[in-house]
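Chain residues, written in single-letter form:
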Amino acid sequence: MAQGLKRGFSYGRPALVAYLMAGYPDRERSLAAVRAVAAAGADVIELGVPYGDALADGPTIVRAANEAMNANDGGFGLADTIELAAEFLAAPGVTEAPPVALMTYYNPMLRLGLAQTSELARRAGVSGFIVPDLPPDAAGEWLSASEGLDTVFLAAPTSTPERLAKVGEMSTGFVYCVSTTGITGERADLPALLADTVARVKSFTALPVAVGFGVSTPAHARAVAGLADGVVVGSAIVKRQHDLADLTEFVSELARAVRTP
Amino acid sequence: MTNESAHETGYSGADERGYFGPYGGAFVPETVVPALEELSRAFSEAMADPLFVEAYSTLLRDYVGRPSALYRADRLAAAVGLGAVYLKREDLNHTGAHKINNTLGQCLLAKRMGKQRVIAETGAGQHGVATATAAALLDLECVVFMGTEDIRRQSLNVYKMGLLGAEVVPVDDGTGTLADAVTAAMRHWVERVEDTFYVLGSALGPHPYPTIVREFQKMIGSESIAQLAERGVARPDAVVACVGGGSNAIGTFYPFLMHYGRDELPLLVGAEAAGKGIDSPLTGASIALGDPGVMHGFFSYLLQDERGNPLEAYSISAGLDYPGIGPEHAYLHDEGLVRYVPVTDSEAVAAFSQLCTLEGIIPAIESSHALALLPALAAELGPAAIVLLTVSGRGDKDIDIVKEAGL
């Protein structure tokens, strides 16, 4: 069932990777939001797992995670997100569902059990995992438990050549290039050195490279699409996640932007 | 001989990747991984550089006042029924707690690495004050993250940090306590990693911090061993310290683990915060109640819910209400080398009061958790037993809290 994340990058143009917070503003509306984003032209869906100690996330995503955990009776976590992904992939509302990656911190995976996490995700049709607090050095156990799933590692502007080589070598699906030092969240401008950062990351991998963190507007998306194989938009989408019309319009604009660099 | 004995306990600290058995490691965003690698290298180089070691020891002697006193508390020993209680007086250090040992070491290291700016998290405010102090002394810009609830509980320390020239950033997330301050400091570090040194205050966080903090606190234990020997005590029967993240405790225990073979190792006891009790939701006892998991960049015992979210920890003590424990402690627990015992708020308050009235020493409410274990140790080890106990800090900061608790 599971399809690789790479398929999202196979259209001969930059891909739009859309991040949504699972369970926010509540479970049903987040499912509707995923369908809306798929219909509006997202090439890969990144589903965020609500977590209480999101080290790499800024205020928008942290707030959405907290609301997701509070709005859903008994909380909302990794297993709930996998079920949500399964429901979406079974009935995506579009002819072909875009591949789904889960973006989760490591502890929910440990708590559910790495083997169980991997088994449930595979059965749900999830394509891969992005785990911001699991650098390649610490990922051995997960990689041996996650056959059939992609694992996307993050490359940062601070990464040394040795580390970029490791990230490039150990990632499957694509490489997530963090645009700037810092946490997720909207920013007014793209970092000045972004082109260099992306070029550095690309020189260490044959996989598609998608750029995220701070990509906030269609204009940003268009600029990033000129540099990379994919554009990840998170906080700016999550901010509109409670309003389907606004969300659809915004993601459609992003999709147009990455298609017309 | 030390090495041979250490080999007998089977104890060796972390491996090169920062694992104590299964615990520790570095579970952090890629952005800071290179900084942690750089820190590991810089730390090893510094510790091998006689000039760095000399500068650090000189500050410890002349500025902190080390070695700290070892005081035989006879009235306390008589009251609890022990042969002797030796108090290792970290409360007499400059700034009033053990925290300054570590912050001077880390700030010297920051300086050596060419960083002009340091950040820190703080719970009770002791680490914040100690970082602000070292930063003032070494001419570093200093920003301290502190939960809003802790700011309320520890207003004196907040004021002190301001006097010392540090900026205190209130953290309003979660319960506004230590864990939230650590998260905020780590997020900020990810943002400013290139020009900022993160002075972590406890023996936790991603590798190499647990080892760095231990190395900058282990004089507590090594001085104690030497001072006890001077008094004719070759081996205490028990060694006690309080454990939140666990920096004063690991600094106390580690030299004993390295010095004595397993057969002659004193009973090492860590007092963790039970809060209102380990059968209550208001607790901070991560060894007694936690399950292994990852938080703040390391794998250790962690109070967490069924989905893996860290739980809010509670303790009367702002220095102990942390939902995790340093990874080396988790390992020492599993190996049976240290015993961890939960102590409630009210037991700690009673022990606080006892030390005030019997010895004229006002201990930190954190340290009072360790003191509270003495009667049970007397019952277990007998009336001739000799106990070493680390008084990690002084209690001026806790006056309002114990007043609220009815003292």
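Quick caveat, the model's predicted, so the values are computed rather than measured.

(A) Region of interest: the sheet that holds strand β7 (residues 167-171) of chain B. Residues and elements named next belong to chain B. Reading across the sheet, the four strands line up as β7-β6-β5-β8 and stay open at both edges, with parallel pairing between neighbours. Taken across any chain shown, the strands that pair with only one partner, and hence form the sheet edges, are β7 and β8 (196-198). The sheet shows a mean angle of 25 degrees between the axes of neighbouring strands, direction not considered. Two strands pair when backbone bridges link them, and strand β6 (residues 141-147) and β7 are joined in this way by five bridges, in the parallel orientation. Bridged to V144 within β7 is V168. Its contacts with the sheet put helix α5 (residues 99-112) on β5 (117-122) and β8, and the angle it makes with β8 is roughly 155 degrees.

(B) Expanded view of the interface of chain A and chain B. Each partner contributes residues to the interface: chain A has 40 residues there, and chain B has 33 residues. Counting the surface lost from both chain A and chain B, the interface buries some 2700 Å², and carbon and sulfur atoms represent 50% of this. For the interface between chain A and chain B, the tally reads five salt bridges. Salt-bridge contacts for E37 of chain B lead to R163 of chain A; the nearest nitrogen and oxygen are separated by 3.0 Å. Across the chain A-chain B interface, the total number found is 20 residue pairs in polar contact (both at pLDDT 80 or more). In terms of residue count, the dominant contributor to the side of chain A that touches chain B is helix α4 (residues 106-112) of chain A (five residues).

(C) Focus on a nonpolar patch on the surface. A cluster of nonpolar side chains, contributed by Y159, L163 and L164 of chain B, occupies part of the molecular surface with about 340 Å² of accessible area. Assignment of secondary structure puts L163 of chain B in helix α8 (residues 155-163).

(D) Representation of the packing of helix α9 (residues 218-225) of chain A against helix α11 (residues 244-259) of chain A in the model. Residue and element names in this part refer to chain A. Between α9 and α11, the shortest axis-to-axis distance is 8 Å and the interhelical angle comes to 30 degrees. Considered as vectors, α9 and α11 are oriented roughly parallel to each other. Handedness of the α9/α11 crossing: right-handed. Across the interface between the two elements, P218, A221, R222 and A225 from α9 touch F250, E253, L254, A257 and V258 from α11. Split by residue class, the contact of α9 with α11 holds seven nonpolar, no polar and two charged.

(E) View of the packing of aromatic side chains. Tallied over the full model, the rule gives 15 aromatic pairs over all chains. Taken together, a centroid distance of 5.4 Å and an interplanar angle of 25 degrees make the contact between Y51 of chain A and Y105 of chain A stacked. Linking Y51 of chain A in the loop between β2 (44-48) and α2 (59-71) with Y105 of chain A in the loop between β3 (100-103) and α4, this pair joins segments that are 54 residues apart in sequence. Chaining the aromatic ring pairs together yields one cluster made of Y11, Y254 and Y331 of chain B. The ring of F250 of chain A has R240 of chain A lying over it, and the distance from NZ or CZ to the ring centre is 3.8 Å. Between R214 of chain B and the ring centre of Y254 of chain B, over which it is positioned, the NZ or CZ distance is 3.8 Å.

(F) Structural context of the packing of α5 of chain B against helix α6 (residues 126-137) of chain B. Residue and element names in this part refer to chain B. Two elements in contact, α5 and α6, have axes whose closest approach is 8 Å; the angle formed by their N-to-C orientations is 40 degrees. Taken together, the axis directions place α5 and α6 in an arrangement best described as oblique. The handedness of the crossing between α5 and α6 comes out as right-handed. Facing α5, whose interface residues are K99, I100, N102, T103, L104 and C107, α6 presents Q126, H127, A130, T131, T133, A134, A135 and L137. The class makeup of the residues in the contact of α5 with α6 is seven nonpolar, six polar and one charged.

(G) Structural context of helix α2 (residues 33-47) of chain B. For α2 of chain B, which comprises 15 residues, the first-to-last C-alpha distance of 21 Å matches the rise-based estimate of 21 Å (1.5 Å per residue) to within 8%. Residues of α2 of chain B that are buried include every one of V33, P34, A35, L36, L39, A42, F43 and A46 of chain B, and no others. Turning to α2 of chain B, the residues buried within the fold contact α7 (161-170) of chain A together with α3 (50-64), α5, α9 (178-192), β8 and α10 (209-215) of chain B.

(H) Quick peek at the side chain of D321 of chain B. All names here are of chain B. With respect to the helices, strands and loops of the structure, D321 is situated in the loop between β12 (298-302) and α14 (327-334). The class of D321 is buried, set by a relative accessible area of 2%. Polar contacts involving the side chain of D321 include one to the side chain of R153, which spans 2.8 Å. Discounting chain neighbours no more than four positions away, the residues touching D321 are D150, R153, T177, L178, A313, Y314 and S315.

(I) Highlighting the domain arrangement of chain B. All names here are of chain B. Entries for chain B in the domain assignment read domain 1 (15-61 + 99-208) and domain 2 (65-96 + 214-404). Taking the mean C-alpha position of each, domain 1 and domain 2 sit 22 Å from one another. With 46 residues of domain 1 at the contact, the number on the domain 2 side is 45 residues. Contact between domain 1 and domain 2 buries roughly 3600 Å² in total, counting both sides, with carbon and sulfur atoms accounting for 62%. Of all residues in domain 1, F20, Y23 and R153 bury the most surface against domain 2, accounting for 19% of the area lost on that side.

(J) Looking closely at the nonpolar core. If you look at the biggest cluster of nonpolar residues, it comprises 103 residues, and the most contacted ones within it are L47 and F129 of chain A. Split by domain, the residues of this core number at least three in each of domain 1 (15-61 + 99-208) and domain 2 (65-96 + 214-404) of chain B. The contacts of F129 of chain A, once residues within four sequence positions are left out, are L78, L102, T104, M109, T117, A121, W142, L149, D150, T151 and V152 of chain A. By size, the runner-up hydrophobic cluster in this structure holds 68 residues, among which are V62 of chain A together with Y56, L59 and M161 of chain B.

(K) Structural detail: the pairing of strand β10 (residues 267-275) of chain B. Residues and elements named next belong to chain B. For β10, the buried fraction is high: eight of the nine residues fall into the buried class. Following the chain from strand β9 (residues 238-243) across helix α12 (residues 247-259) to the adjacent parallel β10, one finds a crossover that is right-handed. Strand direction decides the pairing type here: β10 and strand β13 (residues 339-344), joined by six bridges, are parallel. Looking at the pairing, A271 lines up with V341 of β13.

(L) Representation of the sheet that holds β13 of chain B. All names here are of chain B. The six strands lie next to each other as β3-β4-β14-β9-β10-β13, forming an open sheet whose pairing is mixed. Of all strands in the sheet, those bounded by a partner on one side alone are β3 (70-72) and β13. Ignoring strand direction, the axes of neighbouring strands in this sheet form an average angle of 25 degrees. As paired elements, strand β4 (residues 84-89) and strand β14 (residues 386-391) share six bridges and run parallel to each other. Bridging across to β14, K88 finds its partner in T390. Strands β9, β10 and β14 of the sheet are contacted by α12, whose axis makes an angle of about 150 degrees with β9.

(M) A look at unusual backbone geometry. Look at the link from Y24 of chain A to P25 of chain A: it is a cis peptide, with omega at -5 degrees. Mapped onto the secondary structure, P25 of chain A falls in the loop between β1 (15-21) and α1 (27-39). Along the chain, R66 of chain B connects to P67 of chain B via a cis peptide bond; the corresponding omega equals 0 degrees. Within the secondary structure, P67 of chain B sits in the loop between α3 and β3. The backbone of F213 of chain A shows a phi angle near 85 degrees, a positive value even though the residue is not glycine. Relative to the elements of secondary structure, F213 of chain A occurs in the loop between β8 (209-212) and α9. On the basis of relative accessible area, F213 of chain A is assigned to the buried category, the value being 7%. A positive phi is found at T95 of chain B, a non-glycine position, where the angle reads about 75 degrees.

Calculation notes
- Residues numbered from 1 in each chain as written.
- Chains lettered and ligands numbered in written order.
- Predicted model: local features only at pLDDT ≥ 70, side-chain atom pairs only at ≥ 80, totals over all residues.
- Heavy atoms only, no water.
- Pairing = 2+ DSSP bridges.
- Helix = DSSP H or I, 4+ residues; strand = E, 2+ residues; numbered from the N terminus.
- Axes fitted to C-alpha atoms, helices over the stretch in contact; angles between N-to-C directions.
- Contact = heavy atoms within 4.5 Å.
- Buried area = accessible area lost by both parts, 1.4 Å probe.
- Salt bridge = Lys/Arg side-chain N within 4 Å of Asp/Glu carboxyl O.
- Polar contact = N/O pair within 3.5 Å; in protein donor to acceptor, adjacent residues only side chain to side chain.
- Patch = residues over 30% accessible without salt bridge, like charges linked within 9 Å, V, L, I, M, F, W, Y side chains within 5 Å.
- Areas by Shrake-Rupley, 256 points an atom, 1.4 Å probe, with all protein chains shown as cover.
- Parallel < 35°, antiparallel > 145°, perpendicular 65-115°, else oblique.
- Left-handed = near helix turned anticlockwise from the far one by under 90°.
- Nonpolar A, V, L, I, M, F, W, Y, C, P; charged D, E, K, R; others polar.
- Phe/Tyr/Trp six-rings, centres within 6.5 Å; stacked < 30°, edge-to-face > 60°.
- Lys NZ or Arg CZ within 6 Å of the ring centre and 35° of its normal.
- Expected span 1.5 Å × (residues − 1).
- Buried < 20%, exposed > 50% of the residue type's maximum accessible area, 1.4 Å probe, protein only.
- Domains from an automatic or database assignment.
- Core = buried A, V, L, I, M, F, W, Y, C linked by side-chain atoms within 4.5 Å.
- Right-handed = clockwise from strand over helix to strand, strands pointing away.

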